[in-house]
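# A look at the structure
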Amino acid sequence: MTTLTEAPVYWDPYKPDFWMNPYPVFRRLREEAPLYRNEEHAFYAVSRFSDVERGLTDTATFSSSRGDVLEYIKANMDIPSGMFIWEDPPLHTAHRSVLTRVFTPRRMNDLEEKIRAYCARCLDPLVGAGRIDLVADFGAEMPMRVISALLGIPEQDQEAVRERVDASLRTEAGKPMDVSQASYKGAGFEEYVDWRAKNPSDDLMTELLRAEFVDETGTKRRLTREEILCFVNVLAGAGIETTTRLIGWTGKVLGDHPEQRAELAANPGLIPNAIEELLRYEPPGPSVARYVARDVEIHGQTVPAGSAMLMLVASANRDDRRYPDGEHFDIHRKGPPHITFGRGIHACLGSALARVEGRVALDEILKRFPTWTVDLDKAKLSSTSTVRGWDNMPVFTGGNGQQGAKAKVTGGTPQAGADLDGASAAVGTETWELTLQTPMGPQVMTAQILREGDAFKGTMSGEMGVEHIDGKISGNALSWTLSLKKPVSIKLSFDAKVAGNTMTGNVKLGMFGKAALSGKRI
Ligand code: HEM
């Protein structure tokens, strides 16, 4: 509530000190100005969960066709075909359909071994160093290698990819991003795309070159060179910087909550839920912008067509109306999923990949460094209009953590579930990555279960958030049910058989029939 002494809430997204801790201002925006207007920079903003969710799903009113970054929307520039994150239907639908075919959750999850190897490559040399930088030494490296491997970019060119992405997103502190036509022309990958066209392989780039789709005019065709260049830029831009920031926030937030970090080190089965909570609590992309295509009434005021609207994702994620005690960080939090990956037709295509990367990164960090203290004086918050996170996250690694880590990393990459001071072995939680082949396409979920005689309990997490499960065990057979409320109210009945580290079976999807189930222990 505004008090007599308090000035009306003011928010300037270009003020660096604001981004240090935007949450008190976001809280005031939600309470005092749920539709906020900033005259100086000419934009509107919504901050409550319900308004952000509505804005992201109402694409007829809130258009992506001029970009999803404030500066681009205001610059009103031509957007090249293939920049699908900045397109509306039907063009967006046609372009996205190509990517959903090649960018499947299964393909993302199949990358897990590679991701673990990249983590080991970065982290092993740091064991014993005493002070490490979780972003510069690790977070900036791994996501870039993963996207590059996915696209098939040769190792020697990968560093240049990250530099190009970084440069295109960077802003000068206190100023809007400098947008120029050249900065989103898909520049940078021409040589590589042309080379790959002549040297096909089994990577995503080759699939993009070969893919046929029906475009917005109903014509069946392949992607043009310009479209492919844009696709690759979107993937590199969306998939590198964001995940790097997630790793920085993991270091910061768990550094601020050592008791919760100790729980994670002792029980890695809690990690997937902790990643969801980290994504909610500190979303790497704190806002998404839209062009207002037609007059719309919000909280009793008319926002005119032609305006720029910011959807404050980071504020929505802490709205008490949706998340009880939303300002509180709790790795055990249950309830509705965050809105960090967006909603609706533009919802993040890489969310499965970001989740695997975040989960594996934290697991591998904790195996080597179960304790750390953030060197906040030397930590540097990065300044971009689109992404909020740390360029540097230096930490002092704790004494017993290093000793425990040294013992485990001897002789190569530590195994998942490796004993950490004896603690994780005692807990006995199993983590399974499950894929359901549903009529809507493959759905990936993570199940954590704890066996107790002929029964088990645990959680399942995925796009639907985190849900509790209770199940029965008969020999190597497991059965359980999962009740979902969204997107439709449905009860899923799982029947599975375990053989070593794999699981196969089927799932009854209420009135929607059956889906094949496969899974692997992680
Ligand atoms: C923690 C990491 C990530 C966060 C917070 C994040 C967030 C988001 C958000 C909020 C959107 C929606 C943008 C809008 O509505 O305008 C989005 C879209 C997208 N993301 Fe992510 N993302 C992450 C990681 C990734 C990764 C690893 C990839 C893989 C390449 C990726 C690829 C994409 C793509 C291709 C889109 C555009 C989808 C469309 O327009 O249809 N993202 N992401």
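Calculation criteria
- Residues numbered from 1 in each chain as written.
- Predicted model: local features only at pLDDT ≥ 70, side-chain atom pairs only at ≥ 80, totals over all residues.
- Heavy atoms only, no water.
- Salt bridge = Lys/Arg side-chain N within 4 Å of Asp/Glu carboxyl O.
- Helix = DSSP H or I, 4+ residues; strand = E, 2+ residues; numbered from the N terminus.
- Donors = N, O, S within 2.8 Å, 3.2 Å for Na, K, Ca; no water.
- Axes fitted to C-alpha atoms, helices over the stretch in contact; angles between N-to-C directions.
- Parallel < 35°, antiparallel > 145°, perpendicular 65-115°, else oblique.
- Contact = heavy atoms within 4.5 Å.
- Nonpolar A, V, L, I, M, F, W, Y, C, P; charged D, E, K, R; others polar.
- Near = heavy atom within 4 Å.
- Polar contact = N/O pair within 3.5 Å; in protein donor to acceptor, adjacent residues only side chain to side chain.
- Patch = residues over 30% accessible without salt bridge, like charges linked within 9 Å, V, L, I, M, F, W, Y side chains within 5 Å.
- Areas by Shrake-Rupley, 256 points an atom, 1.4 Å probe, with all protein chains shown as cover.
- Buried < 20%, exposed > 50% of the residue type's maximum accessible area, 1.4 Å probe, protein only.

## Some thoughts on the pattern of salt bridges
- Applying the stated criterion across every chain yields a total of 37 salt bridges.
- Its salt-bridge partner being Arg 321, residue Glu 31 comes within 3.3 Å of it at the nearest N-O pair. Taken as a pair, Glu 31 in helix α2 (residues 23-32) and Arg 321 in the loop between α17 (313-316) and α18 (351-368) lie far apart in primary sequence, 290 residues in all.
- The partner of Asp 363 in a salt bridge is Arg 116, with the nearest N and O atoms 3.1 Å apart.

## Description of the coordination of the iron atom of the ligand
- There is one protein donor for the iron atom of the ligand, and it is Cys 348 (SG), at 2.3 Å.
- Examined against the element boundaries, Cys 348 turns out to sit in the loop between α17 and α18.

## Structural notes on the packing of helix α13 (residues 225-239) against helix α14 (residues 241-256)
- Interhelical geometry of α13 versus α14 gives an angle of 10° and a closest axis separation of 4 Å. Our classification of the angle between α13 and α14 gives roughly parallel. Where α13 abuts α14, its residues Gly 237, Ala 238 and Gly 239 lie against Glu 241, Thr 242 and Thr 243.
- Looking at the contact of α13 with α14, its residues break down into one nonpolar, four polar and one charged.

## Considerations on the site of the ligand
- Lining the immediate surroundings of the ligand are 26 residues, of which His 92, Arg 96, Arg 290, His 346 and Cys 348 lie closest.
- Separating an oxygen atom of the ligand from a side-chain N or O atom of His 92 is a distance of 2.7 Å.
- Note that a nitrogen atom of the ligand is positioned 3.4 Å from one of the backbone N or O atoms of Ala 238.
- At the level of elements, α5 (91-102), α13, α14 and β7 (288-292) are the ones that each hand at least two residues to the shell around the ligand.
- Broken down by element, the shell around the ligand gets its largest block of residues, four residues, from α13.
- Its residues placed into classes, the shell around the ligand shows 15 nonpolar, eight polar and three charged.

## A word on the packing of α14 against helix α15 (residues 258-266)
- One way to put it is that α14 packs onto α15 with a least axis distance of 5 Å and a crossing angle of 110°. Our classification of the angle between α14 and α15 gives roughly perpendicular. When α14 is examined against α15, the residues Leu 254, Gly 255 and Asp 256 are found in contact with a partner set consisting of Pro 258, Arg 261 and Leu 264.
- For the contact of α14 with α15, the per-class residue count stands at three nonpolar, one polar and two charged.

## With respect to a nonpolar patch on the surface
- Together, Val 488, Met 511 and Phe 512 make up a nonpolar patch on the protein surface, roughly 340 Å² of accessible area in all.
- Within the secondary structure layout, Met 511 lies in the loop between β21 (502-509) and β22 (514-521).
- Since its relative accessible area comes to 77%, Met 511 is described here as exposed.

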